[in-house]
Amino acid sequence: MKVAIIGGGLAGLTAAAYLSEQTSMKGVLFERSPQLGGRAFTYEKAGFTLNYGAHAIYALDRHTLSVMERELDLAFGSKQVDRRKVMYEKGEQLTPAPLDFVNLMKTDILTMMQKVRFVGEITAIIANIHQLKNYATLGDYLAESGADEDVKELWEHLVCSNFFITPEDARRVPGTVISTYYHNLFLSNRPVNYVLGSWAVITNQLRSKTEQSSRWSIALQEGVDGIRYEQGKYVLKTKAREEMFDRIIFAMPVQQVVKLLRGTPWEPFLEPYEHNTATEVMVYDVGLSEVVARPFSYISDMNSKMFISDVSATDYTLVPEGGQLLQGIAYLNDESDAEGGDRKAYLEERTAKMEALFDRHYPGWRDCVAVKRVSKKAMVQSVKNVASNRLLPNRIESMPFYFCGDGCEGKGELAERAFSSARAVAEQIAAELLQLQKVHK
Ligand SMILES: Cc1cc2nc3c(=O)[nH]c(=O)nc-3n(C[C@H](O)[C@H](O)[C@H](O)COP(=O)(O)OP(=O)(O)OC[C@H]3O[C@@H](n4cnc5c(N)ncnc54)[C@H](O)[C@@H]3O)c2cc1C
């Protein structure tokens with residue numbers, strides 16, 4: 001069996017690494033960029049290691065990456081973010097984020113009664129008996145919950161920071177998605193970790209595992225721009241070649257799959273997923289020549305809906321000696337929501353607010369900037385997991401293709417969905433191969 005994977009991000013590389021273990025299968029991974037990694041692409045500048053997408057892993061001990069570590073023999077270090085230094089800022093108040101029972105008891109954003117109520121909510125989620133899972137959305141649950149505004153706000157804020165979405169969107173996340181997610185997270189002993197050395201530590205190993213198999217090749221700068229069916233096979237077209245395959249894995253955002261299949265006989269099957277919206281944020285990375293201040297690992301400004309992670313407080317491998325790497329992220333409203341339609345002014349205002357947040361907590365940072373990267377529109381998750389969107393299944397009935405990536409069905413959110421959906425797709429193709437071998441015996 002000959003397999004093509006289109007897309008060399010976390011999902012495509014994961015599928016390739018698993019399938020390269022199959023001795024009666026060969027394949028090609030096509031990536032249109034000059035480098036692998038997709039949105040988890042990492043680069044070095046002036047001694048700093050910058051990720052295009054951050055590399056925080058939520059619930060590492062229960063994460064698909066830990067399963068892959070065992071199954072694919074990956075080796076990587078990780079470090080837990082110091083929970084006591086994860087802070088929320090609300091109004092003028094600065095207080096520990098209620099991430100666990102210790103922080104919950106210390107936080108000032110809830111009264112004692114509200115704390116008791118929130119502990120009850122956490123306990124019910126852990127025991128899997130929380131009513132939330134029976135509600136269409138978090139907003140529907142909160143509307144009927146009778147909880148105080150502060151507790152409601154806390155729920156929204158938690159979801160916003162784990163799913164990287166605005167509080168308004170947090171209310172639109174399905175109840176079942178939230179209860180499953182927090183059941184996992186509240187049971188974890190390792191709630192927020194960084195992979196030491198960035199995503200490159202993972203992507204390099206997935207790559208070399210794939211390349212170790214002489215049956216697989218990786219084609220960089222070879223974007224697939226056409227696909228057709230011919231004599232029982234699928235012919236992929238790039239600028240450099242046309243090649244036949246038995247199975248195709250699409251490991252790219254659904255928006256790009258839709259584009260690639262436009263005008264083909266398969267276009268109608270994608271129609272239900274065509275209008276999915278993505279999660280987009282503004283990212284403001286600054287590498288500083290010295291540590292200007294280190295009051296927190298993470299500070300979330302609940303008023304302005306943005307946060308700063310002191311990435312190097314946890315992952316010290318990313319900076320030159322004595323340096324500091326801060327990453328600011330601002331949630332963005334959908335383009336259609338921008339006041340008066342002036343998106344440029346809206347983004348400028350978000351940038352100014354972000355810089356003001358840096359000024360407030362990292363005074364002097366402006367004089368120590370060694371590296372800066374601002375991205376005003378970064379796609380964090382290709383399909384926002386809200387009730388009005390539909391994740392792409394790993395396989396659509398009557399369609400001969402497979403789909404994986406962070407916009408597809410799978411376990412977890414963000415990168416975990418890319419890993420878990422790719423692992424599931426590889427498993428399905430391996431099972432198909434086995435079935436075919438049995439038939440031919
Ligand atoms: C700012 C930011 C912060 C983030 N923070 C976190 C975090 O802290 N924790 C976390 O878990 N996740 C985080 N993420 C999310 C994580 O980076 C993504 O979920 C993950 O990288 C998605 O991987 P993917 O393989 O599904 O898609 P992609 O990375 O988009 O990979 C798709 C690949 O397909 C290629 N491609 C597209 N079309 C074609 C074609 N026609 N032919 C060939 N190749 C093609 C693209 O070039 C790309 O390389 C963050 C993302 C961003 C942007």
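Presented here is an overview of the structure given in this document. (Residues numbered from 1 in each chain as written. Predicted model: local features only at pLDDT ≥ 70, side-chain atom pairs only at ≥ 80, totals over all residues. Heavy atoms only, no water.)

Time to look at empty space enclosed by the protein. Following the criterion strictly, the structure yields one cavity of 30 Å³ or more and no others. One number sums up the size of the largest cavity: a volume of about 70 Å³. Among the secondary structure elements, those contributing two or more residues to the lining of the largest cavity are β4 (48–51) and β18 (324–331). Tallying contributions element by element places β4 first for the lining of the largest cavity, with three residues. Classifying every residue of the lining of the largest cavity by side-chain character gives six nonpolar, four polar and one charged. (1 Å grid on protein atoms, 1.4 Å probe; cavity = no way out; pocket = protein on both sides within 12 Å on 5 of 7 lines; lining within 4 Å. Points joined across faces, edges and corners; volume = space filled by probe spheres on them. Helix = DSSP H or I, 4+ residues; strand = E, 2+ residues; numbered from the N terminus. Nonpolar A, V, L, I, M, F, W, Y, C, P; charged D, E, K, R; others polar.)

Given 3.6 residues to a turn, an α-helix orients residues that are three or four positions apart in the same direction. In this model, helix α8 (residues 175–187) (13 residues) spans 18 Å end to end at C-alpha, consistent with the 18 Å of a helix rising 1.5 Å per residue. Residues Gly175, Ile178, Ser179, Tyr181, Tyr182, Asn184, Leu185 and Phe186 constitute the buried set of α8. Contact partners of the buried residues in α8: β5 (56–58), α4 (112–126), α5 (138–145), α6 (149–163) and α7 (167–170). (Expected span 1.5 Å × (residues − 1). Buried < 20%, exposed > 50% of the residue type's maximum accessible area, 1.4 Å probe, protein only. Contact = heavy atoms within 4.5 Å.)

Glu31, Arg39, Ala56, Gln256 and Asp406 are the nearest of the 34 residues found near the ligand. In this structure, an oxygen atom belonging to the ligand sits 3.2 Å away from a main-chain N or O atom of Leu10. Ala11 places a main-chain nitrogen or oxygen 2.9 Å from an oxygen atom of the ligand. Coverage of the ligand by the protein chains reaches 96% of its 1000 Å² of free accessible surface. Those elements that provide at least two residues to the shell around the ligand are α1 (10–19), β2 (26–31), β19 (369–381) and α14 (414–440). Looking at the shell around the ligand, the element that brings in the most residues is α14, giving three residues. For the shell around the ligand, the per-class residue count stands at 20 nonpolar, 10 polar and four charged. Taken together, domain 1 (2–40 + 198–276 + 385–440) and domain 3 (279–381) each give at least three residues to the shell around the ligand, which thus spans both. (Near = heavy atom within 4 Å. Polar contact = N/O pair within 3.5 Å; in protein donor to acceptor, adjacent residues only side chain to side chain. Areas by Shrake-Rupley, 256 points an atom, 1.4 Å probe, with all protein chains shown as cover. Domains from an automatic or database assignment.)

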